[in-house]
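Each chain, written out:
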Amino acid sequence: MKVKNQKAFEGLKNETPQFWGNLSYDKEFDMNKLELDYKDVLDASERLNRFAPFFEKVFDDTKESKGIIESKIFSLDKAKVEIEKYEKIKIPGKISLKGDHSLPISGSIKARGGIYEVLCLAEKIALDSGMLRLDDNYEKLSEEKFKNIFSKYSVAVASTGNLGLSIGIISAVLGFKVTVHMSSDAKEWKKDMLRSKGVTVKEYDSDFSYAISMGRKEAEVDPNCHFVDDENSKELFLGYSVSALRLKKQFEDSGIKVDKNNPLFVYLPCGVGGGPGGVAFGLKLLFGENVHPIFVEPAQSASMFLGILTGMHSEVSVQDIGLNNRTIADGLAVGRSSRYVSKMIEPLVAGFVTFKDHELYNLLKILYDTENISLEPSALAGFKGISTLLSSEEGNNMLERIEVKDLMKNATHLIWATGGKMVPKEVMKEDYLKASYK
Ligand SMILES: *Cc1c(COP(=O)(O)O)cnc(C)c1O
């Protein structure tokens, strides 16, 4: 296998937690070279706005935000002190948390992309039927006559848990028939919750790549079935990217500066790549050379890292180098990255980080004890991004290479908290008790 950095490759094979500065990263990358652009993000944002009255009507937890599915940012001053102790490092700059763990409707980052793709489908069907116009109040989509139309169509998706939860919930509410193909990583409570909402759940005793191939095959034979393809979907990607528009406004409102002297580092837990990829793409469009996205993956499931390091993208899986793709971070348990996303984001990601699973429980406990914020294990991965970047030689070399080393005291470290709100209390408590850090 040809690799861009032998040491990083050995680290992947040996499951050694590490930072790798992506050699293809170009902080001033010309975004016009990409297939999608700013207009596409605005278009997605406007579609979400059209659906806002529908959400407000149907989902109580979107009433406060008037139907906009968005999360807050939190300043983590207390957690920072404890993280510095835990990691035995000093963190220059400020740490903030993007609270997608509390997103309305499905409590994870998948409430962005996953829901968005189903809206694209529903809008198209409704417009084609002649019963909806673009300038209508979309609240009417909750009426029985629309449910009747949507019930003639089905939606299918494969998931390690959260994507299924998002797609399942929104599809069922609109009236679609919906099937979720779950990999063996999926937590029991996620499957139970879906079944209780009338979703068909198919379980496989295998990983995400297998579940998605089975789902795709089954959907292919049904012309009225829309398959949400997490390995290739533009809609998912754009749904995630809208977060950047809103984050920019949140930063302005809370006085967080991002400019030449105030760099922004964003730490994104990565599975197949759509979520972190879409967010990174949006952020690069809005903050340009002043934002530096870093993707974080479990050592056993570092599929995006491997794909970029080898230049093989989705043509290589972690199993090919002897890893087993088993991790407690179910949201990140993906052995092969998205073909669509991997190529597009290659120049936009400053670095890749891997970590060991047991750290997630310790971080879960720290965040709960200091800030009273509860996340699911996958969603804590971002914290390993910040510490591994700052404490590794590779990380420091990268900071020098992109000429921000002297600006770190002004940096904002934004940790993307990707899931948590839906986790049952008992499960959260069990995870908390698994921490070895006291
Ligand atoms: C899905 C998920 C991610 C990563 O998103 P991908 O699109 O799979 O890369 C991160 N965290 C959580 C909690 C998730 O559910």
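Preceding this section is the structure that the text describes.
Residues take numbers from 1 onward in each chain, read along the sequence in its written order. Whole-chain, interface and lining totals are the exception, using all residues; otherwise, since this is a predicted model, local features are given only for residues with pLDDT of at least 70 and side-chain atom pairs are given and counted only at 80 or more. Water and hydrogen atoms were dropped before computing side-chain values, which therefore reflect all heavy atoms in the structure.

**Overview of the overall build of the protein chain**
Part 1 of the argument: Each helix and strand in the protein chain was counted, giving 16 helices and 11 strands.
Part 2 of the argument: Taking 438 residues into account, the globule formula puts the C-alpha radius of gyration at 22 Å, and the protein chain, at 21 Å, falls close to it.
Part 3 of the argument: Its C-alpha atoms give the protein chain principal-axis dimensions of roughly 60 × 45 × 45 Å.
Part 4 of the argument: Only protein chains enter the calculation, and the probe is 1.4 Å; a residue is then buried if its accessible area is under 20% of its type maximum, exposed if over 50%, and partly exposed in between. For the protein chain, the proportion of its 438 residues judged to be buried stands at 63%.
Part 5 of the argument: When the accessible surface of the protein chain is totalled, it reaches about 17100 Å², and 48% of it is carbon and sulfur.
Part 6 of the argument: In summary, the charge assignment counts Lys and Arg as positive and Asp and Glu as negative, without counting His or the chain termini. We put the charge of a Lys on NZ, of an Arg on CZ, of an Asp on CG and of a Glu on CD. Of note, the protein chain has its 59 positive side-chain charges centred 2 Å away from the centre of its 63 negative side-chain charges. The helix and strand labels rest on DSSP assignments: H or I over at least four residues marks a helix, E over at least two residues marks a strand, and numbering proceeds from the N terminus. Note that the radius of gyration is over C-alpha atoms, with the globule rule given as 2.2 Å times the number of residues to the power 0.38. Surface exposure here means Shrake-Rupley accessible area, sampled with a 1.4 Å probe, where a residue is shielded only by the protein chains that are shown.

**What to know about unusual backbone geometry**
Part 1 of the argument: In the Ramachandran plot, glutamate 15 falls in the positive-phi region, its phi being about 60° despite a non-glycine side chain.
Part 2 of the argument: Note that glutamate 15 resides in the loop between α1 (6-13) and β1 (19-21).
Part 3 of the argument: Look at glutamate 403: it is not a glycine, yet its phi comes out positive at around 60°.
Part 4 of the argument: Examined against the element boundaries, glutamate 403 turns out to sit in the loop between α15 (393-401) and β11 (412-417).

**A few points about helix α9 (residues 234-253)**
Part 1 of the argument: Given the number of residues in a helix, its expected span is that number minus one, multiplied by 1.5 Å. Between its first and last C-alpha, α9 extends 30 Å over 20 residues, near the 28 Å set by a 1.5 Å rise per residue.
Part 2 of the argument: The buried fraction of α9 is high, at 14 of 20 residues.
Part 3 of the argument: Whenever a nitrogen or oxygen atom comes within 3.5 Å of another N or O atom, the pair is scored as a polar contact, on the condition that within protein one atom can donate a hydrogen and the other can accept it, and that pairs from neighbouring residues in sequence are kept only if both atoms are in side chains. Where α9 starts, the residue carrying a side-chain oxygen 3.3 Å from the main-chain nitrogen of glutamate 235 turns out to be serine 233.
Part 4 of the argument: Where α9 ends, the next residue or the one after it, glycine 255, has phi of about 70°, a positive value.

**Quick look at the environment of serine 24**
Part 1 of the argument: Tracing the backbone through its elements, the reader meets serine 24 in the loop between β1 and α2 (38-58).
Part 2 of the argument: Between the alpha carbons of serine 24 and leucine 268 there is a distance of 18 Å; along the sequence they are 244 residues apart.
Part 3 of the argument: The criterion used for residue contact is that any of the two residues' heavy atoms lie within 4.5 Å. Those residues in contact with serine 24 that lie beyond four places of it in its chain are Lys4, Glu346 and Pro347.
Part 4 of the argument: Among the polar contacts listed, one links the side chain of serine 24 to the side chain of glutamate 346, at a separation of 3.0 Å.

**Observations regarding the packing of helix α4 (residues 110-128) against helix α6 (residues 162-174)**
Part 1 of the argument: Interhelical geometry of α4 versus α6 gives an angle of 35° and a closest axis separation of 8 Å. With respect to the hand of their crossing, α4 and α6 are arranged in right-handed fashion. Counting all contacts with α4, which are made through Lys110, Ala111, Gly114, Ile115, Val118, Leu119 and Ala122, the residues of α6 involved are Asn162, Leu163, Ser166, Ile167, Ile170, Ser171 and Leu174.
Part 2 of the argument: Of the residues that constitute the contact of α4 with α6, the class distribution is 9 nonpolar, 4 polar and 1 charged. Comment: axis = line fitted to C-alpha atoms, over the contacting stretch for helices; angle = value between 0 and 180 degrees taken between N-to-C directions. Each crossing is labelled by how the near helix is turned from the far one, with a counterclockwise turn of less than a right angle marking it left-handed and a clockwise turn marking it right-handed. Residue classes follow a fixed rule: Ala, Val, Leu, Ile, Met, Phe, Trp, Tyr, Cys and Pro count as nonpolar, while Asp, Glu, Lys and Arg count as charged, and any other residue, Gly among them, counts as polar.

**Digging into the sheet that holds strand β5 (residues 177-182)**
Part 1 of the argument: Pairs of strands are assigned from DSSP output, requiring at least two bridges between the strands. Across the sheet, which stays open at both edges, the 4 strands sit in the order β6-β5-β4-β7 with parallel pairing between neighbours. The two strands at the open ends of the sheet, each matched to only one other strand, are β6 (200-203) and β7 (225-228). Neighbouring strand axes in the sheet, compared pairwise and without regard to direction, differ in orientation by 20° on average.
Part 2 of the argument: Bridging between β5 and β6 involves 4 bridges; their strand directions are parallel. Looking across to β6, one finds that histidine 181 is bridged to lysine 202.
Part 3 of the argument: Running at roughly 165° to strand β4 (residues 154-159), α6 makes contact with β4, β5 and β7 of the sheet.

**Some words on the site of the ligand**
Part 1 of the argument: For this purpose, a residue is taken to be near a molecule or strand whenever a single non-hydrogen atom of the residue falls within 4 Å of it. Taken together, 14 residues surround the ligand, and among them Lys110, Asn162, Gly273, Gly275 and Thr418 come closest.
Part 2 of the argument: Here lysine 110 contributes a side-chain N or O atom positioned 2.7 Å from an oxygen atom of the ligand.
Part 3 of the argument: Glycine 273 places a polar main-chain atom, nitrogen or oxygen, 2.7 Å from an oxygen atom of the ligand.
Part 4 of the argument: Calculation on the ligand without its partners gives an accessible area of 380 Å², and the protein chains cover 98% of this total.
Part 5 of the argument: Here the shell around the ligand gets 3 residues from one element, more than from any other, and that element is helix α10 (residues 274-287).

**Topic: the pairing of strand β9 (residues 291-298)**
Part 1 of the argument: Within β9, 8 of the 8 residues are buried, which leaves the element mostly enclosed by the surrounding structure.
Part 2 of the argument: Neither face of β9 is left uncovered, since the one carrying Val291, Pro293, Phe295 and Glu297 and the one carrying His292, Ile294, Val296 and Pro298 both have all their residues buried.
Part 3 of the argument: Bridging between strand β8 (residues 264-269) and β9 involves 6 bridges; their strand directions are parallel. When the sheet's bridge partners are listed, tyrosine 267 is paired in β9 with isoleucine 294.
Part 4 of the argument: A clockwise path from the first strand over the helix to the second, with the strands pointing away from the viewer, defines a right-handed crossover. Since β8 and β9 lie parallel, the crossover through α10 that links them has a hand, and here it is right-handed.
Part 5 of the argument: Of the strand pairs in this sheet, β9 and strand β10 (residues 351-355) are connected by 5 bridges, and their pairing is parallel. Paired with glutamate 297 across the strands is threonine 354, a residue of β10.

**A few points about the packing of aromatic side chains**
Part 1 of the argument: Here is the rule: rings of Phe, Tyr and Trp (six-membered ring for Trp) pair when centre to centre is within 6.5 Å. Planes less than 30 degrees apart are stacked, more than 60 are edge-to-face, and the remainder are tilted. Counted according to the given criterion, the structure contains 17 aromatic pairs.
Part 2 of the argument: Taken together, a centroid distance of 6.3 Å and an interplanar angle of 85° make the contact between phenylalanine 51 and phenylalanine 54 edge-to-face. Of this pair, phenylalanine 51 and phenylalanine 54 both sit in helix α2, 3 residues apart, roughly one helical turn. Accessibility assignment for this pair places phenylalanine 51 and phenylalanine 54 in one class, buried.
Part 3 of the argument: Of the aromatic side chains, those joined through ring pairs into one cluster are Phe51, Phe54, Phe55, Phe59 and Tyr138.

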